[in-house]
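As a plain string of letters, each chain reads:
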Amino acid sequence: MKNIIYSLLTVIIMVGCKHKNQLPAIAPNVITENTLHDTDDPAIWVNRKDPSASIVFGTDKDTDGAVYAFNLQGKIIEKKTIRGLKRPNNVDIRYDFKLNDSTIVDVMVFTERERQQFRMFSIPDMKPIDGGGFPVFVSATEPEHNLPMGISLYHSPKDSAMYAIVGRKAGPLEGYLHQYLLKPSDGRVKAELVREFGNFSGKKEIEAIAVDDANGIVYYSDEGKCIRKYYAEPSKGNQELSCFGESYFRDDIEGIALANGVNGRNYIIVSNQQNHSFVIFDGSDLSFVKEVNLSTTETDGCEVTTTALGSIFPNGLFVAMNDERNFYFYDLGNIL
């Protein structure tokens with residue numbers, strides 16, 4: 001009987017401690033419809049002709065996985081959802097990629113872990129432009145060193161080159177990330193490895209990656225250590241610029257979203273996964289700004305746009321993965 005009572009008390013305590021932080025909860029404006037398996041990472045495509053018709057994409061991480069498309073009311077857009085994927089992990093979007101002399105498209109990339117590759121689609125027409133996928137970490141020999149997870153695009157202001165920066169399930173203490181130049185070729189794209197960079201503590205893994213295009217900076221979460229900062233431009237070298245934020249996180253440092261130009265300031269928003277909260281830093285000096293509770297549980301990925309998206313999101317949109325097979329949408333003004 002005592003063992004049963006102790007077991008029940010343990011369950012009650014664990015449930016009661018699911019949200020350990022004491023921060024006031026901020027409710028989402030919209031909660032999406034559920035995916036089939038396991039949500040992980042979102043990306044936002046802003047419809048520049050009609051911002052209220054913008055689309056949020058989000059990965060469903062499973063062997064029978066998908067990249068879901070949602071409208072701003074949180075409803076699944078089936079005709080723009082990509083299914084039949086093998087454990088899609090992270091996703092990212094950029095604008096104005098020159099596919100050929102006469103065609104400029106917006107693009108989405110996502111990792112497909114079980115196929116050891118990343119994919120590239122033009123959006124919003126959802127057409128593959130990658131010839132079936134780009135293999136990554138092909139020279140890796142250690143277990144899980146060839147399994148891609150995190151990904152972010154970098155559109156260089158220097159020469160308009162487009163790059164994909166990819167992380168993996170496990171990797172070496174140096175050169176954990178690989179950066180690929182995306183080059184158009186006969187209406188499709190080829191990926192060329194241009195550098196291997198990025199320190200790793202060896203504690204957990206590196207998944208969340210975010211790039212500030214305007215300033216040429218890449219940030220990534222070394223989950224058990226800190227947020228690391230590097231130059232995104234390959235020609236500027238592989239020296240680490242900063243390893244910051246460690247003391248503000250309970251355990252895993254996860255998703256990163258960059259909100260530039262909000263009331264004259266730049267912000268770095270990072271998921272404090274086991275505290276079920278988000279830590280916000282100043283992008284100029286990396287100082288702590290505040291921590292917020294957005295009502296989500298165990299958030300992996302997050303994303304932000306500062307563009308006004310209609311009446312629901314007049315100050316921009318912040319999207320966070322929630323551990324109930326869905327995503328939460330917030331007006332950015334409720335957070336910053």
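See above for the structure.
The text that follows walks through the structure, step by step, so that each part is easy to find.

### Concerning the overall build of the chain
Line of reasoning, step 1. Check the secondary structure of the chain and you find 1 helix and 25 strands.
Line of reasoning, step 2. A compact globule built from 336 residues should have a C-alpha radius of gyration of about 20 Å, and the chain, at 19 Å, falls within 12% of that.
Line of reasoning, step 3. Considering only C-alpha atoms, the chain reaches an extent of 70 × 45 × 40 Å along its principal axes.
Line of reasoning, step 4. Burial statistics for the chain: of 336 residues in total, 55% are counted as buried.

### Focus on empty space enclosed by the protein
Line of reasoning, step 1. Scanning the model with the defined rule gives 1 cavity of 30 Å³ or more in all.
Line of reasoning, step 2. Here the largest cavity is characterised by a volume of approximately 30 Å³.
Line of reasoning, step 3. Lining the largest cavity are Asp40, Asp41, Asn90, Glu207, Ala208, Glu254, Gly255, Asp300 and Gly301.
Line of reasoning, step 4. Those elements that place two or more of their residues in the lining of the largest cavity are β2 (39–45), β15 (206–212) and β19 (253–262).
Line of reasoning, step 5. Broken down by class, the residue content of the lining of the largest cavity amounts to 1 nonpolar, 3 polar and 5 charged.

### Quick word on the sheet that holds strand β14 (residues 188–197)
Line of reasoning, step 1. Pairing is antiparallel in the open sheet, where 4 strands are placed in the order β11-β12-β13-β14. Strands with a single pairing partner mark the edges of an open sheet, and in this sheet they are β11 (148–155) and β14. Here the strands of the sheet are splayed against their neighbours by 25° on average, with no regard to which way each runs.
Line of reasoning, step 2. Inspection of the sheet shows β11 paired to strand β12 (residues 162–168) by 6 bridges, in the antiparallel sense. When the bridges of β12 are listed, Pro148 appears paired with Arg168.

### Concerning unusual backbone geometry
Line of reasoning, step 1. In this structure, the amide linkage connecting Ile123 to the following residue, Pro124, adopts the cis form with an omega of 10°.
Line of reasoning, step 2. Of note, His276 is a non-glycine position whose phi angle comes to about 55°, a positive value.
Line of reasoning, step 3. Residue position: His276 is located in the loop between β20 (265–272) and β21 (277–282).
Line of reasoning, step 4. Judged by relative accessible area, His276 falls into the buried class, the value being 5%.
Line of reasoning, step 5. Positive phi, close to 75°, is recorded for Ser295, a residue that is not glycine.

### Overview of the nonpolar core
Line of reasoning, step 1. In terms of nonpolar packing, the biggest core is built from 19 residues, with Phe97, Val107, Phe118, Met120, Leu182 and Val189 touching the most fellow members.
Line of reasoning, step 2. Among the elements of the structure, β6 (88–100), β7 (103–112), β8 (117–123), β11, β12 and β13 (177–185) are those that each provide at least two residues to this core.
Line of reasoning, step 3. With residues up to four places along the chain from it excluded, the contact list for Val189 reads Phe97, Leu99, Met120, Ile129, Asp130, Phe134, Leu182, Lys183 and Pro184.
Line of reasoning, step 4. The next biggest cluster of nonpolar side chains, apart from the first, holds 17 residues, and it includes Tyr267, Tyr328, Leu332 and Ile335.

### Looking at the layout of surface pockets
Line of reasoning, step 1. Roughly 720 Å³ of volume is contained in the largest pocket.
Line of reasoning, step 2. Among the residues forming the lining of the largest pocket, the class breakdown is 19 nonpolar, 8 polar and 6 charged.

### Section: the pairing of strand β24 (residues 317–322)
Line of reasoning, step 1. Most of β24 sits out of view: 6 of its 6 residues are buried.
Line of reasoning, step 2. Neither face of β24 is exposed, since Leu317, Val319 and Met321 on one face and Phe318, Ala320 and Asn322 on the opposite face are all buried.
Line of reasoning, step 3. The pairing of strand β23 (residues 302–305) with β24 spans 4 bridges and is classified as antiparallel. Bridge pairing links Glu303 to Val319 in β24.
Line of reasoning, step 4. Bridge count for β24 against strand β25 (residues 326–331) is 6 bridges, and the pairing is antiparallel. In the sheet register, Ala320 faces β25, and the bridge partner there is Tyr328.
Line of reasoning, step 5. In this antiparallel pair of consecutive strands, β24 and β25, the connection spans 3 residues, and Arg325 shows a positive phi of 65°.

### Let's talk about the sheet that holds strand β22 (residues 288–292)
Line of reasoning, step 1. Read from one edge to the other, the open sheet built from 4 strands follows the order β19-β20-β21-β22, with strand pairing classed as antiparallel. Two strands lie at the open edges of the sheet, namely β19 and β22, each paired on one side alone. Taking the axes of each pair of neighbouring strands and ignoring which way they run, one obtains an average angle of 20° across the sheet.
Line of reasoning, step 2. Note: β21 against β22, 4 bridges, orientation antiparallel. Looking across to β22, one finds that Phe281 is bridged to Phe288.

What counts and what doesn't
- Residues numbered from 1 in each chain as written.
- Predicted model: local features only at pLDDT ≥ 70, side-chain atom pairs only at ≥ 80, totals over all residues.
- Heavy atoms only, no water.
- Helix = DSSP H or I, 4+ residues; strand = E, 2+ residues; numbered from the N terminus.
- Rg over C-alpha atoms; globule rule 2.2 N^0.38 Å.
- Buried < 20%, exposed > 50% of the residue type's maximum accessible area, 1.4 Å probe, protein only.
- 1 Å grid on protein atoms, 1.4 Å probe; cavity = no way out; pocket = protein on both sides within 12 Å on 5 of 7 lines; lining within 4 Å.
- Points joined across faces, edges and corners; volume = space filled by probe spheres on them.
- Nonpolar A, V, L, I, M, F, W, Y, C, P; charged D, E, K, R; others polar.
- Pairing = 2+ DSSP bridges.
- Axes fitted to C-alpha atoms, helices over the stretch in contact; angles between N-to-C directions.
- Core = buried A, V, L, I, M, F, W, Y, C linked by side-chain atoms within 4.5 Å.
- Contact = heavy atoms within 4.5 Å.

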